[in-house]
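# Breakdown of the fold
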Amino acid sequence: TRLVVATHNPGKARELAEILDGRFELVAAGELGLPEPDETEMTFSGNALLKARAAADASGLIALADDSGLSVAALDGAPGIYSARWAGPEKDFAMAMRKVEERLEEAGAEDRAAWFTSALAVAWPNGPAVVVEGRVDGTLTFPPRGDRGFGYDPIFVPEGETLTFGEMDPAVKDGMSHRARAFVKLKAALL
Ligand code: ITT
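Just so it is clear, the model here is predicted, and its values are computed rather than measured. (Residues numbered from 1 in each chain as written. Predicted model: local features only at pLDDT ≥ 70, side-chain atom pairs only at ≥ 80, totals over all residues.)

### A word on the site of the ligand
Residues in contact with the ligand amount to 23 residues; listed here are only the nearest, Thr7, Asn9, Ser83, Ala84 and Gly151. Top element by residues in the shell around the ligand is strand S3 (residues 62-72). It accounts for 5 residues. (Near = placed C-beta within 6 Å. Helix = DSSP H or I, 4+ residues; strand = E, 2+ residues; numbered from the N terminus.)

### Looking at the UniProt feature "active site" (unreviewed entry) in the chain
Within this structure's numbering, the places UniProt gives as "active site" (unreviewed entry) are Asp67. Mapped onto the fold, Asp67 is located in strand S3. Leaving out residues up to four positions away in the same chain, Asp67 has contacts with Phe44, Asn47, Ala48, Lys51 and Ala119. (UniProt positions renumbered as here; feature names shortened; annotations may be inferred. Contact = placed C-beta atoms within 7 Å.)

### Focus on the pairing of strand S5 (residues 129-140)
In terms of strand pairing, strand S4 (residues 113-123) meets S5 through 11 bridges, oriented antiparallel. Looking across to S5, one finds that Ala121 is bridged to Val131. Counting the residues in the hairpin turn of S4 and S5 gives 5 residues, including Asn126, whose phi is positive at 50°. Both S5 and strand S6 (residues 156-158) contribute to a ladder of 3 bridges, which runs antiparallel. (Pairing = 2+ DSSP bridges.)

### As for the sheet that holds S6
Taken in spatial order, the 6 strands make up an open sheet running S2-S1-S3-S4-S5-S6, and their pairing is mixed. Whereas interior strands pair on both sides, the edge strands pair on one side only; in this sheet they are strand S2 (25-28) and S6. Each strand of the sheet is rotated relative to its neighbour by a mean of 35°, with strand direction disregarded. By the bridge criterion, 3 bridges tie strand S1 (residues 2-5) to S3 in an arrangement that is parallel. Pairing of Leu3 across the sheet is with Ile62, part of S3. (Axes fitted to C-alpha atoms, helices over the stretch in contact; angles between N-to-C directions.)

### Some points on helix H2 (residues 44-59)
The terminal C-alpha atoms of H2 lie 22 Å apart, and with 16 residues this matches the ideal 22 Å at 1.5 Å per residue to within 8%. When H2 is considered as a whole, its buried residues turn out to be Phe44, Asn47, Ala48, Leu49, Leu50, Lys51, Ala52, Arg53, Ala54, Ala55 and Ala56. Where the residues of H2 are buried, they touch S1, S3, S4 and S5. Positive phi appears at Gly60, one or two residues downstream of H2, with a value of about 75°. (Expected span 1.5 Å × (residues − 1). Buried ≥ 20, exposed ≤ 12 C-beta atoms within 10 Å, placed from the backbone.)

### Here's the deal with the environment of Arg85
As for its placement among the helices and strands, Arg85 is situated in the loop between S3 and helix H3 (93-106). Taking the C-alpha atoms as reference points, Arg85 and Asp137, 52 residues apart in sequence, are found 22 Å from one another.

If you want it as structure tokens, here you go:
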């Protein structure tokens, strides 16, 4: 079965391919020249559905989309759905990670609790759609450590671990990540 992976983020595309583990013939949204719809919804699930729906209807293929982000407890869940936008058009995540640190300092907050969320949506062309969310809890650490993974991985240490996601072997991250947990739910939802 051909499945279009409706993301323009290479880090995500790689992890989704690892998690899907050869189950589908994957087609990248970029290969099909699919446009990037504006993420106008106020939830991860809403934006994942919007991206999957747009890709499925434009391509005629079943589409999988991920909407995800980092939520910081002491910042009332920010950046959350704005995680990509905090990095700006240059996708400067070193700057975005500094911004998280600065906001925590400004708030005088000691609490470093944070979590990643991934909403995974599957949409059939002009048909139904399903969406699920997975979450992994952890703590933030500064300065950033590690150059594996992507986005905010270098400042996130998952619960019970000592390495950041940026330092971990990708297969280890894939065993515990928000994205992997969402995928377990997706399989259950589609059974
Ligand atoms: P698409 O919409 O094309 O999929 P995007 O990067 O704009 O790409 P999002 O709107 O879902 O995707 O933004 C999610 C951001 O949250 C992403 O850019 C990362 O910075 C961050 N993020 C999500 N999952 C992450 C992970 O596993 N590790 C580190 N950062 C992550």
